[in-house]
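# Summary of structural features
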Amino acid sequence: QVQLVESGGGLVQPGGSLRLSCAASGSIFSINTMGWYRQGPGKERELVATVTNGGTTNYADSVKERFTISRENAKNTVYLQMNGLKPEDTAVYYCNLAIGILNRSYWGQGTQVTVSS
């Protein structure tokens, strides 16, 4: 059994910053790709950023140059540093981990990020 616990969401003014964390615990042998997704009001869930176990990162065009994804393998944790936040970044943010040789996908419970003045 694998559990993911997210933290770091909240209310921030436009231009502000937040840092999201997602820590995995349980029966974990290896974590492959780690990522963040988001779902805004009335929208479908979309990819924000991913990082492979080799350190290769990928970002949605809408967050490039503003968001940075990183991982700390010793702590089974993935982070999302969000700078220059905009109202359109308002969404529930979910972490996703692909674990083990079967690349099984696990989702966090979601954390709300609201960007508003």
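Scroll up for the structure.
Anyway, here's the lowdown on the structure attached to this text.

Thresholds, definitions, all that
Residues numbered from 1 in each chain as written. Predicted model: local features only at pLDDT ≥ 70, side-chain atom pairs only at ≥ 80, totals over all residues. Heavy atoms only, no water. Phe/Tyr/Trp six-rings, centres within 6.5 Å; stacked < 30°, edge-to-face > 60°. Lys NZ or Arg CZ within 6 Å of the ring centre and 35° of its normal. Buried < 20%, exposed > 50% of the residue type's maximum accessible area, 1.4 Å probe, protein only. Helix = DSSP H or I, 4+ residues; strand = E, 2+ residues; numbered from the N terminus. Pairing = 2+ DSSP bridges. Polar contact = N/O pair within 3.5 Å; in protein donor to acceptor, adjacent residues only side chain to side chain. Contact = heavy atoms within 4.5 Å. Core = buried A, V, L, I, M, F, W, Y, C linked by side-chain atoms within 4.5 Å. Axes fitted to C-alpha atoms, helices over the stretch in contact; angles between N-to-C directions.

Next up on the list: the packing of aromatic side chains. Inspection of every chain in the model, using the stated rule, returns one aromatic pair. The ring of Tyr94 has Arg45 lying over it, and the distance from NZ or CZ to the ring centre is 3.8 Å.

The next point concerns the pairing of strand β1 (residues 2–7). Strand residues, when the strand is regular, have side chains that alternate between the two faces of the sheet. Of the two faces of β1, the one lined by Val2, Leu4 and Glu6 is fully buried and the one lined by Gln3, Val5 and Ser7 carries no buried residue. Sheet analysis places β1 next to strand β3 (residues 18–26), joined by six bridges and oriented antiparallel. When the sheet's bridge partners are listed, Ser7 is paired in β3 with Ser21.

Within the secondary structure, Thr77 sits in strand β8 (residues 77–82). For Thr77, a relative accessible area of 7% translates into the label buried. Within the structure, Thr77 has its side chain in polar contact with the backbone oxygen of Lys75 (distance 2.8 Å). Beyond its immediate stretch of four places on either side in the chain, Thr77 contacts Cys22, Ala23, Met34, Ser70, Arg71 and Glu72.

Further remarks concern the nonpolar core. Counting residues in each nonpolar core, the largest one holds 30 residues, and the members touching the most others are Trp36, Val78, Leu80, Met82, Tyr93 and Leu97. Looking at this core, the elements that each hand over two or more residues are β1, β3, β4 (31–39), β5 (46–51), β7 (67–72), β8, β9 (91–99) and β11 (111–115). Ranked by residue count, the leading element in this core is β9, at five residues.

So, about the sheet that holds β7. Spatial strand order, β1-β3-β8-β7: four strands in an open sheet with antiparallel pairing. A strand with exactly one partner marks an edge of an open sheet, and here the two such strands are β1 and β7. Across the sheet, the axes of successive neighbouring strands diverge by a mean angle of 15°, strand direction being ignored.

Our focus in this paragraph is the side chain of Thr50. Looking at the element boundaries, Thr50 is found in strand β5. By relative accessible area, Thr50 is classed as buried at 13%. Excluding residues that lie within four positions of it along the chain, Thr50 makes contacts with Thr33, Met34, Gly35, Tyr37, Thr56, Thr57, Asn58 and Ile69.

With respect to the helices and strands, the residue Gln109 is situated in the loop between β10 (104–107) and β11. In this structure Gln109 comes out as partly exposed when scored by relative accessible area, which is 48%. When residues no more than four places from it in sequence are discounted, the contact partners of Gln109 are Leu4, Val5, Glu6 and Tyr94. Among the polar contacts made by the side chain of Gln109, one reaches the main-chain carbonyl oxygen of Glu6 at a distance of 3.4 Å.

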